[in-house]
Amino acid sequence: MKPLTESSELIAELFAIDGTEARYGQTLHGREGETLSDRRGGARAIAGRPWTVIPMLADGRPDSAHRSAGHSLVLNAQGIGLECDVLEWRWPAAFAIGVQNGHGVMEYAGVDVCHTTNLAAGRVRIGGKFAGRAHDLIQPQVLTPTYHPETMTFRLPFADELYQAWQEAGVLQAVWLDRVQLCPRCQGLPTFRPGCRCCGSARVRNDRLIHHFACAHVGLVADFETPDGLACPKCRTDCLVIGSDYEYHAGPHHCLDCHWTESELEQVGQCVRCGLRFPGHQAHVLELTGYHVDRLDPLAFLQAP
Amino acid sequence: MLTDWTHWLSSKHPEQLLAFLWALLLTDGPRYALAKLPMCLWDFGRNCCDWVCGRERDRAFTYCPSVCVIIAGHNEAETVEATLRSLWGSYPRLEIIVVDDGSTDGMAAAARRFARQHAGVLILSRPDRGGKSSALNFALPYTRAEVVVSVDADSHQGTAALWEIVQPLGNPRVGAVSGTVIARNPFTNLVTWLQAYEYLSSIFVGRLLAARLGILGIVSGAFGAFRREAIDRCGGWDVGPPEDLDLTLAIRKAGYDIAFAPYAQCYTDLPESWWGLIRQRLRWERSGVVRNHCRKHLDLASFWSAGFRLSNFFVCLDNWFFNILCMIGIWVWIICFCWAPPAGWWQILVTLYLCYLVFELIQLLATLLYSNDLGRDLLIGTVFTLVPLYQFMLLAVRLVATTEELFFRKSFDDNFVPAKVRAATWRW
């Protein structure tokens, strides 16, 4: 491997710097009309850190068998140039790279290959941009399940096998995100509201009670009401004063449909897909699992201007 | 000493002995023994006849009303689950309502854990303590059961206890039924052992006798069944303590009879220290006879009051005479005896003690006659030789409590009832 002092030459080699505009064919993801000077205008770092390189197969899965180690030669906010060991194998169009940060945590980025140069002794220099399929795979929006109203399900954008393969490769970590209550029959999304524990009806009347301290009578507020104010129906004491003579209690809930009496209402679910009404505690609980990746921040490697 | 005593005893004529032995009749033990004796002899004779004739008395459960058990408690998180476990499933269509009366130890949460796995258990929780009476009343709007059973949160029920306790309510004249309260911890120490003996003789057999005579005036709050209709007529529980005695007398006043179910047994923990026992008895005695029979429910004995019944009069008379007059009488006797000790005073005391033991032995035999657990009850009964001393201590407690209540109405300062209720209620 060449010393880092020679890196300017390497950079020129990697990105095919010839002082003119780069040809489109030299870069896989260069944009039309973008010049090399545009792309390289920002701050850049020359970092000799060890990197883990995981090639990405055409179907999106990681090729763990050809995982290799490399050293970065140059890095900026848009791309990276690195040199790595490669066995006799054709280099893919995209790969994931990982590097250990100062806290010992591996951080990953997705790179689209722009340029490769085979060196002697099974080494290769690669120039790539932080873009493309591998880069897309580690974006937060594709790592979190989202609700699809047309199917009423929570899904990830890609197949589960793909995520699992990248998890096994050590790039992604499965994380528990949320717990969602679903219809126990069709797994559709239900609505929840308080209702009668017996029949599930929302037509419930709640009575308030009064506790009269002097005689310990507890009865409905309506029983205490007289034209002259509140009077205890048991001991006939009138002109009751709240706090010193009586206090209110939440009373029983009466279902107007089935006449059930209960102290607390139950959360009743109703599926918006199949219409099933069920007690809240019978809901099917779906553990929503997403994925997390410690994403590489190239700017963290760059010195402030 | 023994020779002295036998010489002294043999030198006395029966009239001379009776001249000082009459004082025994002022105490509870001999009085109960003499009253129980005819009942026991009658039942023993009847049992013998049944045995000779090969006749079996039918004790099948034929009455099955809807029942709601109310467990009202304050800071009973440790015991409420065991109580619920002993009740649940012991009776068909049983409703159980737990009222957490402002507990701070998570009693409602403990009961809810049980309720989540067992149907028919309703938990009511009040943020502020309002007293046991209102806690029991608070549960009433939640049930329409024909029979309401009140159970303490620190007790557990014996086999078929609920079935046993509702059977007397098959008689429409009966408004409430008292169950038997038995010690759960009889052999923890001497304090609980003596109390266990007392519970057996005064609750198990004593209430059987009172119920037979039609003068049973107490249904234990720890385990008592009430006809819902009777509760509604009386307006529910009134401010205590003791709310159980108060409601029982109100039910009697409403025209109902009170029954006793000796085999509806409930096990409860007894105080394990002398001071705990004394405090408990001071509270019971203060709020018992003076507050209820002499003041609040005095109209039970009024011949001119509406719905007067002779049995109600005897309930009051029984309590006035035995709990107040006899208590005063025995203390007068003790003071006179100490003031001017008669010749041969220690022989007199020994004679009294031995006579008391004879009466206690009769009581023990009466207990064993009705016992459904002979081994346990016989073992509890072995402590009977110490009972005269125990009764003497309780007599002193009763004197203090009655005096305090008569002159200072101390029962109204009891923190068993929260301050806001004490301030608002009437001081009878």
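Whatever comes next refers back to the structure up there.
Residues numbered from 1 in each chain as written. Chains lettered and ligands numbered in written order. Predicted model: local features only at pLDDT ≥ 70, side-chain atom pairs only at ≥ 80, totals over all residues. Heavy atoms only, no water.

Some points on the overall build of chain B
Just so we agree on the cut-off: Only DSSP runs of H or I with at least four residues qualify as helices, and only runs of E with at least two residues qualify as strands; both kinds are numbered from the N terminus onward. As defined in this context, the radius of gyration uses C-alpha atoms, and a globule is described by 2.2 Å times the residue total to the power 0.38. Relative accessibility under 20% of the residue-type maximum defines a buried residue, over 50% an exposed one, and the middle range a partly exposed one, all with a 1.4 Å probe and only protein chains included. When checking whether two residues touch, look at their non-hydrogen atoms; a contact exists if any pair is within 4.5 Å. Per-residue and other accessible areas were derived by the Shrake-Rupley procedure at a 1.4 Å probe size, with only the shown protein chains allowed to occlude residues.
Assigned secondary structure in chain B consists of 17 helices and eight strands. Relative to its length of 428 residues, chain B is compact, with a C-alpha radius of gyration of 23 Å against a globular reference of 22 Å. The buried share of chain B, taken over its 428 residues, is 56%. Looking at chain B alone, contacts between residues at least 24 apart form 82% of all its contacts between residues at least 6 apart. Taken as a whole, chain B presents about 19,000 Å² of accessible surface, with 64% of it coming from carbon and sulfur.

Let's talk about the pattern of salt bridges
Formally: One speaks of a salt bridge when a side-chain nitrogen belonging to Lys or Arg is within 4 Å of a carboxyl oxygen belonging to Asp or Glu.
Scanning the entire structure with this criterion turns up 30 salt bridges over all chains. Taking the shortest distance from any N to any O, the salt bridge between A:Arg125 and A:Glu83 comes out at 3.2 Å. Residue A:Arg125 is located in strand S7 (residues 123–129), and its partner A:Glu83 is located in strand S4 (residues 79–85); the two are separated by 42 residues in the primary sequence. With a relative accessible area of 3%, A:Arg125 lands in the buried category. Linking B:Arg85 and B:Glu81 is a salt bridge whose minimum nitrogen-to-oxygen distance equals 2.4 Å. Highlighted residues: B:Arg85 and B:Glu81, both in helix H4 (residues 77–87), separated by four residues, approximately one helical turn. Looking at B:Arg85, the relative accessible area reads 48%, which means it is partly exposed. In this structure B:Glu81 comes out as partly exposed when scored by relative accessible area, which is 30%.

Thoughts on the sheet that holds strand S8 (residues 257–268) of chain B
Strands belonging to one sheet form pairs held by backbone hydrogen bonds; the direction of such a pair is parallel or antiparallel. All names here are of chain B. To keep things clear, this is the line we draw: Only strands that DSSP links by at least two bridges are regarded as paired with each other. To obtain each axis, a line is fitted to C-alpha atoms, and for helices this fit is confined to the stretch in contact; angles are then taken between N-to-C directions over 0 to 180 degrees.
Spatially, the eight strands line up as an open sheet ordered S3-S2-S1-S4-S7-S6-S8-S5, and their pairing is mixed. In this open sheet, the two edge strands, each paired with only one partner strand, are strand S3 (121–126) and strand S5 (155–157). Recorded for the sheet is a direction-independent mean angle of 25° between the axes of neighbouring strands. Each of strand S1 (67–73), strand S2 (95–101), S3, strand S4 (147–152) and S5 touches H4; the most contacted strand, S5, lies at about 10° to it.

Overview of the packing of aromatic side chains
Rules: Between rings of Phe, Tyr and Trp, where Trp is taken as its six-membered ring, a pair exists when centres lie within 6.5 Å; planes separated by under 30 degrees are stacked, by over 60 edge-to-face, and by other angles tilted. Lysine NZ or arginine CZ positioned within 6 Å of the ring centre and within 35 degrees of the ring normal marks a charge as sitting over the ring.
For the structure shown, the criterion picks out 17 aromatic pairs over all chains. Plain terms: the ring middles of A:Phe192 and A:Phe278 are 6.1 Å apart, the flat faces sit at 90° to each other, and that makes the pair edge-to-face. Here A:Phe278 lies in strand S19 (residues 277–279) and A:Phe192 lies in strand S11 (residues 190–195), a separation of 86 residues in the sequence. Aromatic pair B:Phe303 and B:Phe313: ring centres 5.1 Å apart, planes at 40°, arrangement tilted. Residue B:Phe303 is found in the loop between helix H12 (289–296) and helix H13 (310–339), and its partner B:Phe313 is found in helix H13; the two are separated by 10 residues along the sequence. Among the residues examined, B:Phe313 registers a relative accessible area of 17% and is labelled buried. Feature note: the residues B:Phe303, B:Phe308, B:Phe313 and B:Phe314 constitute an aromatic cluster, connected by ring pairs. Across the ring face of A:Tyr248, the terminal group of A:Arg208 is positioned such that the distance to the ring centre comes to 4.1 Å. Just above the ring of B:Phe412 sits the side chain of B:Arg291; from NZ or CZ to the centre is 4.0 Å.

Quick notes on the layout of surface pockets
In plain terms, the rule: Think of a 1 Å grid over the protein atoms and nothing else: a 1.4 Å probe that fits but is trapped marks a cavity, an open set flanked by protein within 12 Å on at least five of seven lines marks a pocket, and residues with an atom within 4 Å of a point count as lining. Grid points are joined across faces, edges and corners, and a volume is the space filled by probe spheres set on the points. Amino acids are sorted into nonpolar (Ala, Val, Leu, Ile, Met, Phe, Trp, Tyr, Cys and Pro), charged (Asp, Glu, Lys and Arg) and polar (every other residue, Gly among them).
Taken as a whole, the second largest pocket holds about 1,000 Å³ of empty space. In this structure, the second largest pocket is lined by 32 residues; those nearest its centre are A:Arg197, A:Trp260, A:Glu262, B:Val121 and B:Leu122. Within the lining of the second largest pocket, the residues separate by chemical class into 13 nonpolar, 11 polar and eight charged.

Regarding the interface of chain A and chain B
Operational definition: When two parts are put together, the accessible area they lose, computed with a 1.4 Å probe and summed over both, is reported as buried area. Throughout this description, a polar contact denotes any pair of N or O atoms lying within 3.5 Å of each other; where both atoms belong to protein, one of them has to be capable of donating a hydrogen while the other can accept it, and for residues adjacent in sequence the pair is counted only when both atoms sit in side chains.
Listed as interface residues are 22 residues of chain A and, on the opposing side, 24 residues of chain B. Summing both sides of the interface, chain A and chain B together bury roughly 1,700 Å²; the carbon and sulfur share of this comes to 59%. When residues of chain A are sorted by the area they lose upon contact with chain B, A:Phe213, A:Ala214 and A:Lys234 head the list and together hold 27% of the total. As a salt-bridge pair, A:Glu264 and B:Arg112 come within 3.1 Å of each other at their nearest N and O atoms. Between chain A and chain B we count nine residue pairs in polar contact (both at pLDDT 80 or more) in total. Tallying contributions element by element places strand S16 (residues 246–255) of chain A first for the side of chain A that touches chain B, with five residues.

Take it as geometry only, folks, not as evidence of what the structure does.
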